[in-house]
Structure formats: C-alpha cells, structure tokens
Amino acid sequence: MAEEDYGAFVDWSLMGDLAKSSGPTKVDCKELKEFKQMARQGYWAKNHKLRAQVYQQLIRSIPCRTVTPDAEVYRDVVGEAGAKKPNTNIPLPEFVDGNPVPRYCLKADAVASAHRIINCIAGQFPDISHCPALPAITSLLLHFSKDEAQCFEHVSRILACNEPGKRLLDQTFLAYESGCMTFGDLANKYCTAAHKLIVATAQDVLEVYADWQRWVLGDLPFSHMVRVLDVYLVEGYKVLYRVAIALLKFYRKHKMGGQNQQQPDSGKIRSDIQAFVKGIGSTVTPEKLLEKSFSIRLISRKEITLLQLANEKSLQQKGITVKQKRRNVQLALNPETFSSEIVSAKEMHDIWSWIPERFALCQPELLFTTATHGCSLNRFYSHCEGHEPTLLLIRTTDGDVCGAFLSSDWEERKRGGNKLSFFGTGECFVFRLKPEMERYEWVVIRHPELASAIKPEGPEGSASSEGQNADGGLQQPDKPPGELSPFLAARHFNLNSKNTSMFMAGNFDSIIVGGGGDGNALYIDAELNHGHTGRCTTFDNPPLCKESFQIALLESWGFLDAMAQ
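The structure presented is a predicted model; accordingly, all values stated were derived computationally and were not measured.

Novice: Explain the overall build of the protein chain here, please?
Specialist: Secondary structure summary: the protein chain contains 19 helices and eleven strands in total. Counting the 565 residues in the protein chain, one finds 56% classified as buried. Across the protein chain, every contact between residues at least 6 apart in sequence was considered, and the portion connecting residues at least 24 apart equals 75%. Carbon and sulfur atoms provide 48% of the accessible area of the protein chain, an area that totals close to 24,100 Å².

Novice: Is there a simple way to explain the packing of aromatic side chains in this structure?
Specialist: The description of two aromatic rings rests on the distance between their centres and on the angle between their planes. Applying the stated rule across the entire model yields 27 aromatic pairs. Relative to Tyr241, the ring of Trp212 lies with its centre 4.8 Å away and its plane at 20°, an arrangement referred to as stacked. Of this pair, Trp212 sits in helix α10 (residues 212-219) while Tyr241 sits in helix α12 (residues 238-255), and the two are 29 residues apart along the sequence. Ring geometry for Phe359 against Phe405: centres 6.5 Å apart, planes inclined by 50°, an arrangement best described as tilted. Here Phe359 is found in the loop between α16 (345-352) and β1 (362-369), whereas its partner Phe405 is found in strand β3 (residues 401-406), with 46 residues between them in sequence. The exposure class assigned to Phe359 is buried, which follows from its relative accessible area of 17%. Among the residues examined, Phe405 registers a relative accessible area of 1% and is labelled buried. Feature note: the residues Trp352, Trp354, Phe359, Phe405, Phe429, Phe431 and Phe559 constitute an aromatic cluster, connected by ring pairs. Above the ring of Phe250, the side-chain terminus of Lys292 is found at 5.6 Å from the ring centroid.

Novice: Explain empty space enclosed by the protein here, please?
Specialist: Unoccupied space between atoms shows up once a probe the size of one water molecule is rolled over them. Counted by the stated rule, this structure contains five cavities of 30 Å³ or more. Counted as a void, the second largest cavity has a volume near 140 Å³. Taken together, 15 residues line the second largest cavity, and the ones lying closest to its centre are Val205, Leu206, Trp352, Ser353 and Ala360. For the lining of the second largest cavity, the secondary-structure elements that each account for two or more residues are α7 (173-190), α8 (192-201), α9 (205-209) and α16. A total of three residues in the lining of the second largest cavity trace back to one element, the largest contributor, which is α7.

Novice: Can you walk me through the pairing of strand β9 (residues 522-525) in this structure?
Specialist: Successive residues of a regular strand alternate their side chains across the two faces of the sheet. Here β9 shows no split at all, with Leu522 and Ile524 on one side and Tyr523 and Asp525 on the other all buried. Note: strand β8 (residues 510-513) against β9, four bridges, orientation antiparallel. Each residue of the ladder has a partner; that of Val513, found in β9, is Leu522. Note: β9 against strand β10 (residues 530-532), two bridges, orientation antiparallel.

Novice: Looking at this model, I keep getting lost on the confidence of the model for the protein chain. Mind explaining?
Specialist: Across the protein chain, pLDDT averages 85, with 88% of residues at or above 70. This model gives residues 325-331 a pLDDT under 50, and the stretch forms 21 contacts once residues within four places in sequence are excluded. Note that pLDDT drops below 50 for residues 453-484; the model gives that stretch 78 contacts with residues more than four away or on any other chain.

Novice: Help me understand the pattern of salt bridges, please; the structure alone is not making it clear to me.
Specialist: Two side chains bearing opposite charge may form a pair once their charged atoms approach each other closely. With the rule as written, the count across this model stands at 25 salt bridges. Between Lys346 and Asp350 there is a salt bridge; the shortest N-O distance is 2.8 Å. Linking Lys346 with Asp350, this pair stays in helix α16, spanning four residues, or about one helical turn. With relative accessibility at 54%, the residue Lys346 sits in the exposed group. Across the pair Arg415 and Glu412 runs a salt bridge, and its minimum N-O distance is 3.8 Å.

Novice: What am I meant to see in the side chain of Asp400 here?
Specialist: Following the sequence through the fold, Asp400 ends up in the loop between β2 (390-396) and β3. With no salt bridge to any partner, buried Asp400 finds its closest opposite charge in Lys546, at an N-O distance of 8.4 Å. Each residue touching Asp400, except ones within four places of it in the same chain, is listed here: Ile394, Arg395, Lys434, Pro435, Cys545 and Lys546.

Novice: How should unusual backbone geometry be read in this particular structure?
Specialist: Peptide bonds are mostly trans, and most non-glycine residues show a negative phi. Following Glu388, the chain continues into Pro389 via a peptide bond in cis, with omega recorded as 0°. Notably, Cys105 is not glycine yet its phi reads approximately 65°, a positive angle. Position of Cys105 among the secondary structure elements: in the loop between α3 (71-78) and α4 (108-124). Residue Cys105 is classed as buried on the basis of its relative accessible area of 16%. Look at Leu528: it is not a glycine, yet its phi comes out positive at around 50°.

Novice: Sorry, what's going on with α10 here?
Specialist: Within an α-helix, residues lying three or four positions from one another point in the same direction, as the helix has 3.6 residues per turn. Of all eight residues making up α10, six are buried, and the element is well covered by its neighbours. Of the surrounding elements, those touching the buried residues of α10 are α5 (134-143), α7, α9, α11 (222-235), α12 and α13 (266-278).

Novice: Could you clarify how one ought to interpret the environment of Leu159 in this entry?
Specialist: Relative to the elements of secondary structure, Leu159 occurs in helix α6 (residues 148-159). Note: C-alpha distance between Leu159 and Asp170 (eleven residues apart in sequence) is 8.7 Å. The residues touching Leu159, leaving out its near neighbours within four places in the chain, are Arg65, Ile121, Phe125, Ile128, Cys131, Leu134, Leu169 and Gln171.

Novice: Whenever I open this one, the pairing of β2 confuses me. Can you help?
Specialist: For β2, the tally of buried residues reaches six of seven residues, placing the bulk of the element in the interior. As defined by bridge partners, β2 adjoins β3 across six bridges and the pair is classed as antiparallel. By the bridge assignment for β3, Thr390 is matched with Leu406. Where β2 folds back on β3, the antiparallel hairpin that results is connected by four residues, among which Gly399 adopts a positive phi of roughly 90°. Here six bridges tie β2 to strand β11 (residues 548-561), and the two strands are oriented antiparallel to one another. Following the sheet pairing, Leu391 is matched in β11 by Trp557.

Novice: Any chance you could explain α16 here in plain terms?
Specialist: With six of eight residues buried, α16 lies mostly within the body of the structure. Regarding α16, the residues found buried are Glu347, Met348, His349, Asp350, Ile351 and Trp352. The elements touched by buried residues of α16 are α8, β1, β2, β5 (429-434) and β11.

Conventions adopted
Residues numbered from 1 in each chain as written. Predicted model: local features only at pLDDT ≥ 70, side-chain atom pairs only at ≥ 80, totals over all residues. Heavy atoms only, no water. Helix = DSSP H or I, 4+ residues; strand = E, 2+ residues; numbered from the N terminus. Buried < 20%, exposed > 50% of the residue type's maximum accessible area, 1.4 Å probe, protein only. Contact = heavy atoms within 4.5 Å. Areas by Shrake-Rupley, 256 points an atom, 1.4 Å probe, with all protein chains shown as cover. Phe/Tyr/Trp six-rings, centres within 6.5 Å; stacked < 30°, edge-to-face > 60°. Lys NZ or Arg CZ within 6 Å of the ring centre and 35° of its normal. 1 Å grid on protein atoms, 1.4 Å probe; cavity = no way out; pocket = protein on both sides within 12 Å on 5 of 7 lines; lining within 4 Å. Points joined across faces, edges and corners; volume = space filled by probe spheres on them. Pairing = 2+ DSSP bridges. pLDDT = per-residue confidence, 0-100. Salt bridge = Lys/Arg side-chain N within 4 Å of Asp/Glu carboxyl O. Lys, Arg positive; Asp, Glu negative; His and termini not counted.

Listed below in structure tokens is the structure:
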C-alpha cells in the first residue's frame, strides 16, 4: 500500500503548499481517541500520501451493511467503459439537488470521473432520495484514491454506515431538512450575535440557514475543507455543525462595522455568506477555523440527536417528507392579521426568531388574554391546557414588557399531585422586550460544566409561593415509559445542582417560571394581577422588569400549524 500512487486525479499546480509533502510518513495508531487528537492537530495534514492511507484505514473501519458495494462491483458495473475517458456531459442524479461537483484542485478529467462514480452509486443505492453533499464528498475522496473503483468503495462505505448513533451523510429529504432545522436551532443558541444579524437583514432566516451544509461541503476552499474532512471521518456529522457555526461567527465579525441593508433580502444575504466562505482563505487559516469550531461548547451528541429526532417528527406530522417549496416564515406572522395588545407584529417576529425551528412555521394563536377572559388563574389553565409549547407575554403598569417561552403543556403540573412541581425542558427561556430586548436561556446551554459526571440523587427542584424555594418540597414528575424523550429534558443531564432545572411550575394559587437561588424569573399570583421577578439559577437572568410589579395585561399564545391550514 505504501507504494501506491494517491495523486492520479490531482492537478498539483493548483495545490500550493499542499503539493509539498512533509512531516510524518506513518501513523501508529489504532485507538479512536488517539485518531481524534491527531486529526484535530493536523498530524497527517502536510503529507498527501499519509493522509490517503489514514483515510483508507478510517473508512475501512466504518461498520457497514452486510452487502456493501466494493471496488470489484464498480469494475463489474462500469466494465470496459472504465478504461475510456469519462464524459463530463453525464448528468448527475436528481438526488444531488443540482449541486455540482466542486473542482477542489482536481484535473478536469477527474471531475468527469466523479460524475461516473456518482451515477454508479445511484444505481447501487436506489434508496437514496436526497443527498446534496454527495458531489463534494466524492470529489474530496477522489483526491486520495488510486482509481475510480477505490473512490467508489470509500463513498459506498460512508453511505452504508450502520453504526448506531453515527451519522455521516443525509440520504433523504427528511434527514436533510431536519438537519437544516437543527442547525438553525444551534445557531440560535450558540451564535446569538450572528443570528441577530441574520434576523435583521433577511426576510426568511430559515432560507438562509438552509445553505449551512453547502457552506462547508462546497463553498469552503480545498485547503480548509480537507482539514475539516480529517476530523469528520473520525468524529462524524457533528463536526459539520461546528464548522458551520464557526463560519457564521467569522461572517458576523466580517460584517461588524459595515452598513446593514435598508430592506431585508434573504437572497443577498445568502450570496454574501457564500462569497465570504469562498474567500475565507484571505482572513482565516484552516487551523484557525478548526480552533474556533472546537472552542464552541456544544451540547452532547445525544442531545443533538434528540433535537434531530424532534425536528424529523415535526416534519413528518406536517407531511413534509419529500422536497417541496419552502414556506416563508413571514407567512406565519402576517402583520395584517396579527393582533396583540402587548407586542407589535415586528416584536412578535423578533420573538419568533428565538423559538425552536420546528415551531417557526406555526402561526401565533391567542389562547388567553386577561382583556377578554378576566384575571383568573383557573381560566388561564383551562384555555392553555392541551397546548404545547406556549408563549407568555406580560405588560406591567409601568409599561415594561417581558415573558417566557414555555416548552411543556401546563397540564403537566397535575402530575405532582398537590405539590408545586417543576416541569418543562431546557428549551424554555425568559425574555424582556422593553425597555430593551434580551433573551435568557437555560444556564446549562451557556455553561455545560454545570452538568457533572455524577448523577445527583433526590428531588430535582422545589418551589413555594411568593417565589421562595423550599428544599425537598418538590419532585420532578416522571414521563410515561416509551414516550420520546424531549430535547433538553433535565433527566438527560447529570446536573451538579437541583436548582438548575426548575423551568416552570403551577398550582391553584400561582405560576412560576424559573427557579433556584433566591428567587424566580417570574412569579404570578392567582389573580394574575401581581407579580415578582428576580434572578434565578435556572436562567441566570437579572430581574425582567421592576422586581415587584402590577400586571396591566397578560396574554398566552399557542402555536397553530400553518401547514395544516
């Protein structure tokens, strides 16, 4: 193997410094942890031949279906045509969604070889219905293959991976679209400054985020993409999320100080991000890109998987399993029909940009308002039960506006019996709109170190009236067995403190949002007239308005499925 030529498809005149091999010539490593460390450090990054050998070792170790096409299958299928010059006019399968084969410093003939390989894959994998990343992956692996047949085998093994919990390439529209939604959720949580910029300058945030995978697999220069590939083949799909979020952070830094466009234009923003990523080599090195990517403290792979499943389930419920025209998020918030006595359509649109993507195409539905239904907690519960999630809006007599996104049905409060029981998930957040706009998420999102390796015992939270917490007074109710675990449920985390997962609670005389520490993010009495706000451990928020306040108006909004209309 050491003598085989792995550069037959490469146009070395385009490779720059990568054309000069240096550094180590072999890797004595079998443990995944060692590979992970070496991949991130770029151990084989300066030696093309060694990189090719490492890729072959990593891809051969991927657990695959029992029957996975190999190099011999390719030779049998292509037959004598394999010896002929490939034809660049061969169209790519529809499932690549119009994405071309990136050149990536390949010879012109090599791009045609990639076309032939992808078409052979289409014949061997009839279950693939949507795989836009395939041209980029094929082009990259062709760099490090001795012939077309070997490249075909490597791509086939990536597609046929059946290791539980490991994901490498989307192969259906459902998986791809839920991946776009998941990236939107992650960008919303871990790239808030850039997310604000996108919300301010694009008509449709979802449309912009739909390009996230192409930024990495298509737009990145080869020198950067190949370093990403080093780590991706070891660590899997999550690496793509990390790199795309890092690109978004660099883009926001690039735009700082510039003039925002007068009119929001999603198309221009998409083109602007694509141009930035294609030219990133002038300002950001491959090493700096990876450093930024792995400095982002993302939630665990398990949590991302749960989020992906939640988004897939949402798409299935909406009947979106094959490609169709995107619904613009603006349709969910029509300023001509939206009416609230607390917030404007523009302010509601800003709140909508914070909510999880699987609800972003839902229309706001007014469930309860003190202006119509009166100041009664029982009526509040009766109108809100059966709806999940809900949005709570409060305007005080001083003119301040604050509220909360509440992930769970208020009916869950009954599971604690007569005790005031906390429930909900880490998707809950609190916010204020006036005097200035700010959101406060679950503290564990911003500080993952609050989750330890040792699972705490005993009750997970407690609460009492007037916002005071009583130790041992509350237990988190169990979910029914067999129910799909919701994203960011506290039970998935080994939390250092019971006070960091107190999301929402309610009984006959009060509702509470956020607990732990000396107070609650929001405490509201049974008459929906008087409230308190203070810092709480769960959201690590300051008071959302004057600490003791009178309620002028309270509204609760549900999420009506716009696709079903």
